[in-house]
Amino acid sequence: MLAFVGIIFSILSRLIDVYMFIIVIYVLMSWFPNAYQTKLGQWLGRISEPYLNIFYRIIPPIAGLSFAPLVALLVLSMSQYGLGALYNIIVF
């Protein structure tokens, strides 16, 4: 049973890693003109925009820079850390 729980937590942690990578790639695409109009840009937008929009509504841009993706990545990182802590509580 504990092995199954470990596998579930490991899969969730990896999914968070992949999602964080997707968000980073999507945000870096803003440096390139018309990158959001490509098929990859549209696909990444469909995946990352629903989550990022939560933070765009809460955190306004400061001097033309949006810190919302940074906060979104921080929240994902904290949730991943929380998953690890929860796993340690369950196992030990």
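Please read all numbers here as calculations on a predicted model, not as lab measurements. (Residues numbered from 1 in each chain as written. Predicted model: local features only at pLDDT ≥ 70, side-chain atom pairs only at ≥ 80, totals over all residues. Heavy atoms only, no water.)

Chemist: Would you mind going over the overall build of the protein with me for this structure?
Modeler: In terms of helices and strands, the protein carries three helices and zero strands. N-terminal to C-terminal, the α/β element order of the protein is α-α-α. For a compact globule of 92 residues, the expected C-alpha radius of gyration is about 12 Å, and the protein comes in at 16 Å, more than 25% above that figure. If you line up the protein on its principal axes, its C-alpha atoms span 50 × 30 × 15 Å. The proportion of buried residues among the 92 residues of the protein is 29%. (Helix = DSSP H or I, 4+ residues; strand = E, 2+ residues; numbered from the N terminus. Rg over C-alpha atoms; globule rule 2.2 N^0.38 Å. Buried < 20%, exposed > 50% of the residue type's maximum accessible area, 1.4 Å probe, protein only.)

Chemist: Looking at this structure, how should I read the nonpolar core?
Modeler: General note: in soluble globular proteins, nonpolar side chains tend to be found buried as a group. Ile-23, Tyr-51 and Leu-76 are the most contacted members of the largest nonpolar core, which totals 20 residues. Looking at this core, the elements with two or more residues in it are α1 (2-28), α2 (39-58) and α3 (68-91). Ranked by residue count, the leading element in this core is α1, at eight residues. Setting aside residues no more than four positions away along its own chain, Leu-76 makes contact with Ile-16, Tyr-19, Met-20, Ile-23 and Tyr-51. (Core = buried A, V, L, I, M, F, W, Y, C linked by side-chain atoms within 4.5 Å. Contact = heavy atoms within 4.5 Å.)

Chemist: What's the story with the confidence of the model for the protein in this structure? I'm lost.
Modeler: Overall, the predicted model of the protein reaches an average pLDDT of 95, with 100% of residues at or above 70. Per-element mean pLDDT across the protein ranges from 94 in α1 up to 97 in α2. (pLDDT = per-residue confidence, 0-100.)

Chemist: It is not clear to me how the pattern of salt bridges should be interpreted in this structure. Could you clarify?
Modeler: When the charged atoms of two side chains with opposite charge come close together, those side chains can pair. Taken as a whole, this structure holds one salt bridge when the rule is applied. With a closest N to O distance of 3.2 Å, Arg-14 and Asp-17 form a salt bridge. On the criterion of helical spacing, the pair formed by Arg-14 and Asp-17 is a turn pair, its members being three residues apart in helix α1. (Salt bridge = Lys/Arg side-chain N within 4 Å of Asp/Glu carboxyl O.)

Chemist: Would you mind going over a nonpolar patch on the surface with me for this structure?
Modeler: A contiguous nonpolar patch, built from Met-1, Phe-4, Ile-7, Ile-8, Ile-11, Leu-12 and Leu-15 and spanning about 730 Å² of accessible area, is present on the exposed surface. With respect to the helices, strands and loops of the structure, Leu-12 is situated in helix α1. (Patch = residues over 30% accessible without salt bridge, like charges linked within 9 Å, V, L, I, M, F, W, Y side chains within 5 Å. Areas by Shrake-Rupley, 256 points an atom, 1.4 Å probe, with all protein chains shown as cover.)

Chemist: Is there a simple way to explain the side chain of Gln-80 in this structure?
Modeler: Residue position: Gln-80 is located in helix α3. Not counting residues up to four positions away in its chain, the partners in contact with Gln-80 are Ser-13, Ile-16, Asp-17 and Met-20.

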